[in-house]
Amino acid sequence: MFCSHSMRLVADVLQFANPILLRALMTYIENKGDYYAWQGWMLVFSFFVVTFFYSMFFNQNSYRSYNIAMKIKTALVAAIYRKSLTMNNEAKREFTAGSVVNLMAIDCQRIQDVVSNLWIVLSAPLQDFAFKGDCGEPPRCLSLSRDS
């Protein structure tokens, strides 16, 4: 689970590289005479590399999170089913077949959803902090105006 969440954190950091690269590309275009052509090509190639690695880390996070969540759901459903087979008559009167099926279907699915989306707890504050900066305004690298 730690590996999955660390991949998401790397993807979040990479997500904020594109606006910085965009600002650098705009500076390159505005002052084309001050730079070599290869520097422009390196900026364009950097967009590809950043997007590629962002996609790789994000999709690995999703795959691993859903895989772990599915394993937890499977273990819970098996444990509930095993317990329902060994219930005595008094317990069978208290817990109907419908409530056992509800436990296996709905409640285990909710646990799966929580586990698979747990990365949001780590990712949301990082994205909020990175977008707002310290003063609550978007960073200057995200501004498209000439004055920034």
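Before going into details, it helps to say that this report is about the structure given with it.

## Describing the overall build of the protein chain
Next up, step 1: Along the backbone of the protein chain there are six helices and zero strands.
Next up, step 2: In sequence order, the protein chain lays out its α and β elements as α-α-α-α-α-α.
Next up, step 3: Burial statistics for the protein chain: of 148 residues in total, 21% are counted as buried.
Next up, step 4: For the protein chain, contacts bridging at least 24 residues in sequence account for 76% of all contacts bridging at least 6.
Next up, step 5: When the accessible surface of the protein chain is totalled, it reaches about 10,400 Å², and 66% of it is carbon and sulfur.

## Re helix α3 (residues 37–85)
Next up, step 1: Between its first and last C-alpha atoms α3 spans 72 Å; for 49 residues at 1.5 Å apiece the expected length is 72 Å, and the two agree.
Next up, step 2: For α3, the full list of buried residues reads Gly-40, Leu-43, Val-50, Asn-61, Ser-62, Ser-65, Ala-69, Lys-73, Ile-80 and Ser-84.

## Overview of the pattern of salt bridges
Next up, step 1: By the definition in use, this model includes one salt bridge.
Next up, step 2: Among the salt bridges present, the one from Arg-8 reaches Asp-12, with a minimum N-O distance of 3.1 Å. In this pair, Arg-8 and Asp-12 both sit in helix α1 (residues 2–15), four residues apart, roughly one turn of the helix. Each of the two residues, Arg-8 as well as Asp-12, counts as buried.

## Re the packing of aromatic side chains
Next up, step 1: Taken as a whole and assessed by the stated rule, the structure comprises seven aromatic pairs.
Next up, step 2: An aromatic cluster is defined as three or more aromatic residues linked by ring pairs; in this entry it consists of Phe-45, Phe-48, Phe-52, Phe-53 and Phe-57.

## With respect to the side chain of Asn-61
Next up, step 1: Structurally, Asn-61 can be placed in helix α3.
Next up, step 2: What Asn-61 contacts, discounting residues up to four positions off in sequence, is Ser-4, His-5, Met-7, Arg-8 and Trp-119.

## Let's talk about the environment of Val-10
Next up, step 1: Topologically, Val-10 is positioned in helix α1.
Next up, step 2: With 43 residues separating them along the chain, Val-10 and Phe-53 place their C-alpha atoms 9.1 Å apart.

## Looking at a nonpolar patch on the surface
Next up, step 1: Taken together, Tyr-36, Trp-38, Met-42, Phe-45, Phe-48, Phe-52, Phe-53 and Met-56 make up a surface patch of nonpolar side chains, about 910 Å² in accessible area.
Next up, step 2: Residue placement: Trp-38 occurs in helix α3.
Next up, step 3: Assessed through its relative accessible area of 53%, Trp-38 is described here as exposed.

Definitions and limits used
Here the residue index of a chain counts from 1 through its sequence in written order. The predicted nature of this model means local features are confined to residues of pLDDT at least 70 and side-chain atom pairs, given and counted, to a pLDDT of 80 or more, with totals for whole chains, interfaces and linings taken over all residues. Heavy atoms from the whole structure form the basis of all side-chain values; hydrogens and water molecules are not counted. Helix numbering and strand numbering both begin at the N terminus, where a helix is a DSSP run of H or I of at least 4 residues and a strand a DSSP run of E of at least 2. For every residue, the accessible area obtained with a 1.4 Å probe (protein chains only) is divided by the maximum for its type, and the residue is called buried under 20%, exposed over 50%, and partly exposed between those limits. In this analysis, two residues are considered to be in contact whenever any of their non-hydrogen atoms come within 4.5 Å of each other. Residue burial considers only the protein chains on display, and all accessible areas are found by Shrake-Rupley using a 1.4 Å probe. By definition here, a helix of n residues has an expected span of 1.5 Å times n minus one. Each salt bridge in this description consists of a side-chain nitrogen of Lys or Arg and a carboxyl oxygen of Asp or Glu lying within 4 Å of one another. Only rings of Phe, Tyr and Trp enter the pairing, Trp through its six-membered ring, and a pair is recorded when the two centres are within 6.5 Å. The plane angle decides the type: under 30 degrees is stacked, over 60 is edge-to-face, the rest tilted. Like charges within 9 Å and nonpolar side chains (Val, Leu, Ile, Met, Phe, Trp, Tyr) within 5 Å are joined into patches, using only residues over 30% in relative accessible area that form no salt bridge.

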